[in-house]
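# A structural walkthrough
Below are the chains, spelled out letter by letter.
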Amino acid sequence: MKFSFSNIEITGILSILPSREIIFKEEISNYNFTEKQSLKLSKIMGYGSRRVVQNGTTVSDLCIHGLNYLINDKSLDKESIDALILVTQTPDYFLPPTSNIIAGSLDLGEDVLCLDINQGCAGYEVGLLQAFMLLEQRHINKVVLLNADVLSTKVSEKDRNSKPLVGDGATITIVENKPNINDFNLYIKMDGKGAKAIQIPAGAFKQPSTKLTANLTKDKSGNERSLDDLVMKGDDVFNFVQTKVPQMVKDIFKDLSISDDDIDYYLFHQPNKFMLEKLADKMSVKRDKMPNNIVGKYGNGSGITVPLNICENLNDKLDKTNLNVILGGFGVGLTWSMIVCELKKMNFCKIINY
């Protein structure tokens, strides 16, 4: 499905990362593999360091910290906020909505619309879609989009497939009505038949957590995890990304009558280095046009990797020139989405620690 929007601008992005850093080489002993095997896989997949929260830190903590930073820095006037959208897979509670908790902590007005969206790897684009639609309402001029997850708390310590990659964090994106701004073309597809390719089997109402769901079992690759932990069918996800994403880009080029020459950067979700390198090669895109340095430095924080990608890799460049980009997310759902747009100099585009 395609959506098109105009007279909208992303005016600021702030990334909030936990100060706690985990180095892969320091946790090799957790896994049922030799050091040589682990280091070889580290080089291929891009295992390096990642940022994870301290015990007890939640999504609202990260978001409130970032919002207070912007308010105190006078980069955001809380009285100007018309809507607050939170995209997360790890809410503070089943209920109430975490966005309401955040709004209450900041003492936002009663007319501020609060929404929680349960989305993951494609969550940034889904959140922007909701923000763009809200901005079409005449009484809404500024939307604050929050993307945040603390998934490291839901991954087994003995799962070498996922644990070395998963990081935590939050991002805040300010989206506003601006006249005469170029179009945002958004494309999104979903395949619920593959939804369980990435899941946490237990813990909600379909299969509540019990002592039995917490028991660790070993898979054929030697990883140990419980039903309360994140599990991913790696081959299925890899094949999904390598087939669906290139086809979507091809369809977009045809629809907009553009080519790779018109795109400065592909700012994609970062599951791991190997997958992005193979994706760039499959699309015949130069690897330096598709940055893959986020996962090895900060970890795969699900939907936050796209805005974090912008803060990490484009901040200085956007001070000097406008950039034509494709923002892309793919994974949990299964969902894949892209936004073709021009990014311009922002009021802020930076990373802070929590």
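As shown above, the structure is provided for reference.
On to unusual backbone geometry, then. Here the amide bond leading from Leu-95 into Pro-96 is cis, since omega sits at 10°, within 30 degrees of zero. One can find Pro-96 in the loop between strand S5 (83-87) and helix H3 (98-105). Looking along the chain, the bond that leaves Gly-333 and enters Leu-334 is cis, with omega of -10°. Its identity as a non-glycine residue notwithstanding, Lys-74 has a phi of 65°, on the positive side. Under the relative-accessibility criterion, Lys-74 is labelled exposed at 75%. In this structure, Ser-257 takes a positive phi of about 55° despite not being glycine. In this fold, Ser-257 is placed in the loop between helix H5 (234-256) and strand S14 (265-268).

What follows concerns the side chain of Thr-11. With respect to the helices and strands, the residue Thr-11 is situated in strand S2 (residues 8-17). Among the polar contacts made by the side chain of Thr-11, one reaches the side chain of Glu-176 at a distance of 2.7 Å. If we skip the residues at most four places from it in the chain, Thr-11 touches Ile-174, Glu-176, Lys-178, Met-346, Asn-347 and Phe-348.

This brings us to the nonpolar core. Leu-128, Ile-310, Leu-314, Val-325, Leu-327 and Leu-343 are the most contacted members of the largest nonpolar core, which totals 39 residues. The leading source of residues in this core is helix H4 (residues 123-135), at eight residues. Dropping the residues within four chain positions of it, Val-325 is found in contact with Ile-263, Tyr-265, Leu-267, Leu-314, Ile-339, Val-340, Cys-341 and Leu-343. Counting residues in hydrophobic clusters, the runner-up holds 31 residues, among them Phe-240, Val-249, Tyr-266 and Ala-280.

Calculation notes
- Residues numbered from 1 in each chain as written.
- Predicted model: local features only at pLDDT ≥ 70, side-chain atom pairs only at ≥ 80, totals over all residues.
- Heavy atoms only, no water.
- Helix = DSSP H or I, 4+ residues; strand = E, 2+ residues; numbered from the N terminus.
- Buried < 20%, exposed > 50% of the residue type's maximum accessible area, 1.4 Å probe, protein only.
- Polar contact = N/O pair within 3.5 Å; in protein donor to acceptor, adjacent residues only side chain to side chain.
- Contact = heavy atoms within 4.5 Å.
- Core = buried A, V, L, I, M, F, W, Y, C linked by side-chain atoms within 4.5 Å.

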